[in-house]
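Fold and geometry: a report
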Amino acid sequence: MTIASNLQQIRSRITQAEARCGRPLGSVRLLAVSKTFPAADIAEAAAAGQTAFGENRLQEAMEKMPLLPSTLEWHLIGPLQRNKVRKALRQGFALIQAVDSLRLAETLSRIAGETGATARVLLEVNVDGEESKHGFSPRGLRTDWNELASLPCLDIQGLMTIPAPVGDPEDARPAFRALRILAEELRTCGPLPLPELSMGMSHDFEIAIEEGATIVRVGSAIFGGRSYPERQAGHAVLR
Ligand SMILES: *Cc1c(COP(=O)(O)O)cnc(C)c1O
């Protein structure tokens, strides 16, 4: 299988999932997760029409981005340390997806503000409540919401989640549903419209679409298997 044919298949599965649950065609965006794959593979995907790519490590993204067409759009989907915020903002990500604490949000807003910019972000929520995981707990997010929503240079576009790995994709549904319901609740608290829900990966993106995902993050189903060990999808690469 080539990257182009994988992409074509994923796109058609996205379209079918949209149709199946009565969502407008084109309402779900495919983010191609290119972590660990070389720039040549990303160029191949770009040649096949893919424009949005996700990287989970800042350093790796900084190495690859300059090698690729400037028309591509990049999302940082992994954890960001506060001392790397300046670097990350300079890198020009379209979306920083894994803002997982009020302190990080404050740092992003403050440093973006220094240059008159706004940081576009998603807030990562740990909806299945594993202590060890990154992200706001739903409760913590409710507590911090007013402060988060009033940060002047932070543009919160929505929520993202990485559920605990499951064997049967259907088992991820409750986490996806919980994220959607949490976003609905926060919308009613105003004033943010929170249009984006980033959820679903290679294994379970169709379930995520049925539960309202607007961005699905698909890596291995496009680029193939990754060879390094990961503690859990998207987090803390062991090196
Ligand atoms: C790696 C990663 C993905 C993609 O995972 P696949 O199972 O390869 O599709 C999605 N989201 C995040 C945050 C990741 O780190």
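Shown above is the structure to which this text applies.
Below is a summary of the structure that appears in this document. None of these values were measured; they are calculated from a predicted model.

Within the protein, the regular secondary structure consists of nine helices and 10 strands. Here the C-alpha radius of gyration of the protein, 17 Å, is about what a compact globule of 239 residues would show, namely 18 Å. For the C-alpha atoms alone, the extent of the protein along its principal axes is close to 45 × 40 × 35 Å. Within the protein, the fraction of its 239 residues that count as buried is 50%. Put simply, 60% of the contacts in the protein that link residues at least 6 apart link residues at least 24 apart. Total accessible area on the protein stands at roughly 10,800 Å², and carbon and sulfur atoms take up 51% of it. Computed over 27 positive and 28 negative side-chain charges, the inter-centroid distance for the protein is 4 Å.

This part is about the packing of aromatic side chains. Tallied over the full model, the rule gives two aromatic pairs. Ring centres of Phe-37 and Phe-223 lie 5.3 Å apart, and the angle between their planes is 25°; on these two criteria the pair is classed as stacked. Of the two residues, Phe-37 sits in the loop between β1 (29-33) and α2 (39-47) while Phe-223 sits in helix α9 (residues 220-223), which places them 186 residues apart along the sequence. When its relative accessible area of 9% is taken as the criterion, Phe-223 is described as buried. Summarising the aromatic geometry, the rings of Phe-53 and Trp-74 are spaced 5.8 Å apart at their centres and angled 35° between planes, so their arrangement reads as tilted. Of this pair, Phe-53 sits in strand β2 (residues 52-55) while Trp-74 sits in strand β3 (residues 73-76), and the two are 21 residues apart along the sequence. One exposure class covers both Phe-53 and Trp-74, and it is buried.

Moving on to α2. Each α-helix turn comprises 3.6 residues. Residues three or four places apart therefore point the same way. Taken together, the buried positions of α2 are occupied by Ala-39, Asp-41, Ile-42 and Ala-45. Buried residues of α2, viewed axially, fall in a sector of 160°; they line one side. The exposed set on the far side of α2, more than 90 degrees from its buried face, consists of Ala-40 and Ala-47. In this structure, the buried residues of α2 make contact with α1 (3-20), β2, α3 (58-64), β3 and α9. At the C-terminal side of α2, Gly-49 shows a positive phi close to 100°.

Another point: the nonpolar core. With 66 residues, the main nonpolar core has Leu-108, Leu-141, Leu-148 and Leu-159 as its most contacted residues. Contact partners of Leu-108, with chain neighbours within four places excluded, come to Leu-80, Val-85, Leu-89, Ile-96, Val-99, Ala-119, Val-121 and Leu-154.

Within the secondary structure, Arg-217 is located in strand β8 (residues 215-218). As a buried residue without a salt bridge, Arg-217 has its nearest oppositely charged side chain in Asp-204, at a separation of 7.3 Å. Side chain to side chain, Arg-217 and Ser-198 meet in a polar contact 3.0 Å long. When neighbours within four sequence positions are excluded, Arg-217 is seen to be in contact with Leu-31, Val-33, Ile-77, Gln-97, Met-160, Thr-161, Ile-162, Ser-198, Met-199, Gly-200, Met-201 and Ser-202.

Counting buried positions along strand β4 (residues 95-99) gives five out of five residues, so the element sits mostly inside the fold. Note that β3 and β4 share two bridges and pair parallel. Note on β4: the bridge partner recorded for His-75 is Leu-95. As a crossover connection, the stretch from β3 through helix α4 (residues 85-90) into β4 is right-handed.

Turning our eyes to something else, we now look at the packing of helix α6 (residues 138-149) against helix α7 (residues 173-188). For any two helices packed against each other, the geometry comes down to the angle between their axes and how far apart the axes lie. Running from N to C, α6 and α7 cross one another at 15°; their axes reach a closest spacing of 12 Å. Classified by the angle their axes make, α6 and α7 are roughly parallel. The chirality of how α6 crosses α7 is right-handed. Contact with α6, carried on its side by Pro-138, Leu-141, Arg-142 and Trp-145, involves Leu-182, Glu-185 and Leu-186 of α7 and no other residues of that element. Its residues assigned to classes, the contact of α6 with α7 comprises five nonpolar, no polar and two charged.

Definitions and cut-offs
Residues numbered from 1 in each chain as written. Predicted model: local features only at pLDDT ≥ 70, side-chain atom pairs only at ≥ 80, totals over all residues. Heavy atoms only, no water. Helix = DSSP H or I, 4+ residues; strand = E, 2+ residues; numbered from the N terminus. Rg over C-alpha atoms; globule rule 2.2 N^0.38 Å. Buried < 20%, exposed > 50% of the residue type's maximum accessible area, 1.4 Å probe, protein only. Contact = heavy atoms within 4.5 Å. Areas by Shrake-Rupley, 256 points an atom, 1.4 Å probe, with all protein chains shown as cover. Lys, Arg positive; Asp, Glu negative; His and termini not counted. Charge placed at Lys NZ, Arg CZ, Asp CG, Glu CD. Phe/Tyr/Trp six-rings, centres within 6.5 Å; stacked < 30°, edge-to-face > 60°. Arc of directions from axis to C-beta. Core = buried A, V, L, I, M, F, W, Y, C linked by side-chain atoms within 4.5 Å. Salt bridge = Lys/Arg side-chain N within 4 Å of Asp/Glu carboxyl O. Polar contact = N/O pair within 3.5 Å; in protein donor to acceptor, adjacent residues only side chain to side chain. Pairing = 2+ DSSP bridges. Right-handed = clockwise from strand over helix to strand, strands pointing away. Axes fitted to C-alpha atoms, helices over the stretch in contact; angles between N-to-C directions. Parallel < 35°, antiparallel > 145°, perpendicular 65-115°, else oblique. Left-handed = near helix turned anticlockwise from the far one by under 90°. Nonpolar A, V, L, I, M, F, W, Y, C, P; charged D, E, K, R; others polar.

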